[in-house]
Amino acid sequence: MITCTNCETAQFLQITQSRVYFEDGEMINEISETYECTLCGATGQYAYDDDLDEETVTGDVEHTTERPKYA
């Protein structure tokens, strides 16, 4: 789950830009999403590259597998 690090919730995050890249037309090779928190105005970006099996998170968002503090 992607959450706002300022508000500690995903409830107010809005995807403002999304890109999905298919190398062979069937398998997803890259995902890139830009987020904006409508509560505090924070922004951030999440990207996943399947070829490198690598996630990158920048800005005021974080990727977590735990339940957010404020759900």
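The structure we're discussing is the one just above.
The following refers to the structure shown. (Residues numbered from 1 in each chain as written. Predicted model: local features only at pLDDT ≥ 70, side-chain atom pairs only at ≥ 80, totals over all residues. Heavy atoms only, no water.)

**Remarks on the environment of isoleucine 28**
Point 1. With respect to the helices and strands, the residue isoleucine 28 is situated in strand β3 (residues 28-37).
Point 2. Taking C-alpha positions, isoleucine 28 is 8.9 Å from aspartate 49, a pair spaced 21 residues apart along the chain.
Point 3. In contact with isoleucine 28, other than residues within four places in its own chain, are Val20, Tyr21, Phe22 and Asp50. (Helix = DSSP H or I, 4+ residues; strand = E, 2+ residues; numbered from the N terminus. Contact = heavy atoms within 4.5 Å.)

**Notes on the nonpolar core**
One recurring pattern in soluble globular proteins: nonpolar side chains tend to sit buried together.
Point 1. Among the nonpolar cores identified, the biggest contains nine residues, and these are Ile2, Cys4, Cys7, Leu13, Tyr35, Cys37, Ala42, Tyr46 and Val61.
Point 2. At the level of secondary structure, the elements contributing two or more residues to this core comprise β1 (2-4) and β3.
Point 3. Residues contacting alanine 42, with those up to four places away along its chain left out, are Cys4, Asn6, Tyr35, Glu36, Cys37 and Asp60. (Core = buried A, V, L, I, M, F, W, Y, C linked by side-chain atoms within 4.5 Å. Buried < 20%, exposed > 50% of the residue type's maximum accessible area, 1.4 Å probe, protein only.)

**With respect to the pairing of strand β5 (residues 54-59)**
Point 1. The sheet contact formed by strand β4 (residues 43-49) and β5 spans six bridges and is antiparallel. Opposite tyrosine 46, over in β5, you have valine 57 as the bridge partner.
Point 2. Between β4 and the antiparallel strand that follows it, β5, lie four residues; aspartate 53 among them carries a positive phi value of about 50°. (Pairing = 2+ DSSP bridges.)

**As for the state of the cysteines**
Point 1. Applying the stated criterion across every chain yields a total of zero disulfides.
Point 2. With no disulfide of its own, cysteine 4 lies closest to cysteine 40 among cysteine sulfurs, the gap being 3.8 Å.
Point 3. For cysteine 4, a relative accessible area of 1% puts it in the buried group.
Point 4. The cysteine cysteine 7 is free of any disulfide, with cysteine 40 supplying the nearest cysteine sulfur at 3.7 Å.
Point 5. Classification of cysteine 7 as buried rests on a relative accessible area of 14%. (Disulfide = S-S within 2.5 Å.)

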